[in-house]
Amino acid sequence: MAIRIIVREGDEILRKKCRPVEKFDQKLWQLLDDMAETMHAADGVGLAGPQVGMLRRVVVMDVGDGVIEMINPEIVSTDGEQEGPEGCLSCPGEQWMVKRPMHAVARALDRHGNQIQVEGEGLLARCICHEIDHLDGILFKDKGTPIVED
Ligand code: ZN
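These figures come from a predicted structure and were not determined experimentally. (Residues numbered from 1 in each chain as written. Predicted model: local features only at pLDDT ≥ 70, side-chain atom pairs only at ≥ 80, totals over all residues. Heavy atoms only, no water.)

Trainee: Would you take a moment to explain the coordination of the zinc ion for this structure?
Mentor: Coordination angles at a metal have ideal targets, namely 109.5 degrees for four tetrahedral donors and 90 or 180 degrees for six octahedral donors. The protein atoms that coordinate the zinc ion are Cys88 (SG), His130 (NE2) and His134 (NE2), at distances spanning 2.0 to 2.2 Å. In the primary sequence, the donor residues of the zinc ion line up as C-x41-H-x3-H. Here Cys88 is found in the loop between strand 4 (82–86) and strand 5 (96–100), whereas its partner His134 is found in helix 2 (residues 123–134), with 46 residues between them in sequence. Comparing Cys88 with His134, the two get one shared label, buried. (Donors = N, O, S within 2.8 Å, 3.2 Å for Na, K, Ca; no water. Helix = DSSP H or I, 4+ residues; strand = E, 2+ residues; numbered from the N terminus. Buried < 20%, exposed > 50% of the residue type's maximum accessible area, 1.4 Å probe, protein only.)

Trainee: Got a minute to help me understand the sheet that holds strand 4 in this structure?
Mentor: Strands belonging to one sheet form pairs held by backbone hydrogen bonds; the direction of such a pair is parallel or antiparallel. Strand order in the open sheet formed by 3 strands is 4-5-8, with antiparallel pairing between adjacent strands. The sheet is open, and its two borders are formed by strand 4 and strand 8 (144–146), each paired with just one other strand. Each strand axis lies, on average, 25° off the axis of its neighbour in the sheet, ignoring direction. Where strand 5 lies against strand 8, 3 bridges are found, and the strand directions are antiparallel. Residue pairing for strand 8: Trp96 is matched across the bridge by Pro146. (Pairing = 2+ DSSP bridges. Axes fitted to C-alpha atoms, helices over the stretch in contact; angles between N-to-C directions.)

Trainee: What exactly am I supposed to notice about the pairing of strand 3 (residues 68–79) here?
Mentor: On a regular strand, one side chain projects to one face of the sheet and the next to the other, so that they alternate. Two strands pair when backbone bridges link them, and strand 2 (residues 58–61) and strand 3 are joined in this way by 4 bridges, in the antiparallel orientation. What sits directly across from Val60, in strand 3, is Glu69. Two successive antiparallel strands, strand 2 and strand 3, enclose a turn made up of 6 residues, where Gly64 displays a positive phi of approximately 120°.

Trainee: I tried to follow helix 1 (residues 26–41) on my own but got confused; where do I start?
Mentor: Turn by turn, an α-helix covers 3.6 residues, leaving residues three or four places apart pointing in a common direction. The terminal C-alpha atoms of helix 1, which comprises 16 residues, lie 22 Å apart, in line with the 22 Å expected from a rise of 1.5 Å per residue. Listed in full, the buried residues belonging to helix 1 are Leu28, Leu31, Leu32, Asp34, Met35, Ala36, Thr38 and Met39. Here the buried face of helix 1 lies against strand 1 (46–48), strand 2 and strand 3. Asp43 lies just past helix 1 and shows a positive phi near 65°. (Expected span 1.5 Å × (residues − 1). Contact = heavy atoms within 4.5 Å.)

Trainee: Please explain the sheet that holds strand 7 (residues 115–121) as it appears in this structure.
Mentor: A sheet is described by the order of its strands in space; here 5 strands give the open sequence 1-2-3-6-7, paired in antiparallel fashion. Two strands lie at the open edges of the sheet, namely strand 1 and strand 7, each paired on one side alone. Shown here is a sheet whose adjacent strand axes are inclined to one another by a mean of 40°, direction ignored. In the packing of helix 2 onto the sheet, contacts are made with strand 1, strand 2, strand 3, strand 6 (103–109) and strand 7, and the angle to strand 7 comes to roughly 125°.

Trainee: Can you walk me through unusual backbone geometry in this structure?
Mentor: Trans peptide bonds make up the majority, and among non-glycine residues the majority have a negative phi. The backbone phi angle of Asp43 is positive, close to 65°, even though this residue is not glycine. Within the secondary structure, Asp43 sits in the loop between helix 1 and strand 1. Here the phi dihedral of Asn72 falls at roughly 50°; this positive angle occurs in a residue that is not glycine. Here Asn72 shows up in strand 3. Assessed through its relative accessible area of 18%, Asn72 is described here as buried.

Trainee: Any chance you could explain the environment of Arg15 here in plain terms?
Mentor: Tracing the chain through its elements places Arg15 in the segment before helix 1. Under the relative-accessibility criterion, Arg15 is labelled partly exposed at 42%. Along the backbone, Arg15 and Leu135 are 120 residues apart, and their C-alpha atoms lie at a distance of 8.8 Å. Setting aside anything within four residues of it in sequence, one finds Arg15 in contact with Gly137, Ile138, Leu139 and Asp142. Among the polar contacts listed, one links the side chain of Arg15 to the backbone oxygen of Gly137, at a separation of 3.0 Å. One polar contact links Arg15 to Asp142, side chain to side chain, over a distance of 2.7 Å. (Polar contact = N/O pair within 3.5 Å; in protein donor to acceptor, adjacent residues only side chain to side chain.)

Keep in mind these numbers describe shape, not what the thing actually does.
Okay, here's the thing in structure tokens:
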């Protein structure tokens, strides 16, 4: 495993649409392992392909219950609403208020290409939506407002 460099806001790769993964091979597993290690080292709860310079539809998340991997994920349903501070490893030190669903369900593939369903409440729902947005070049700031300190 290896820690990869996290792309910062301003790099145009974060604004591109990612391609689906087609090969579930050693190279993909290496990427997923590296992404999880990079996310943990940076103290983050989620990381998407473009954030490590890969325009592929891959996401890793860990909100404290272990690593969840999603390949080619799609949101299939959302429910409720939450508004709270959100950050991003590509925008270190910044927090914005962002509205997200309280509950989100995504359909994805695992690292072997098997169909999985990932269901999240609260922070995990926020994370699922934030990371899938990254795959379409959308950043949390597009949906939020800056938190002004007084
Ligand atoms: Zn992010």
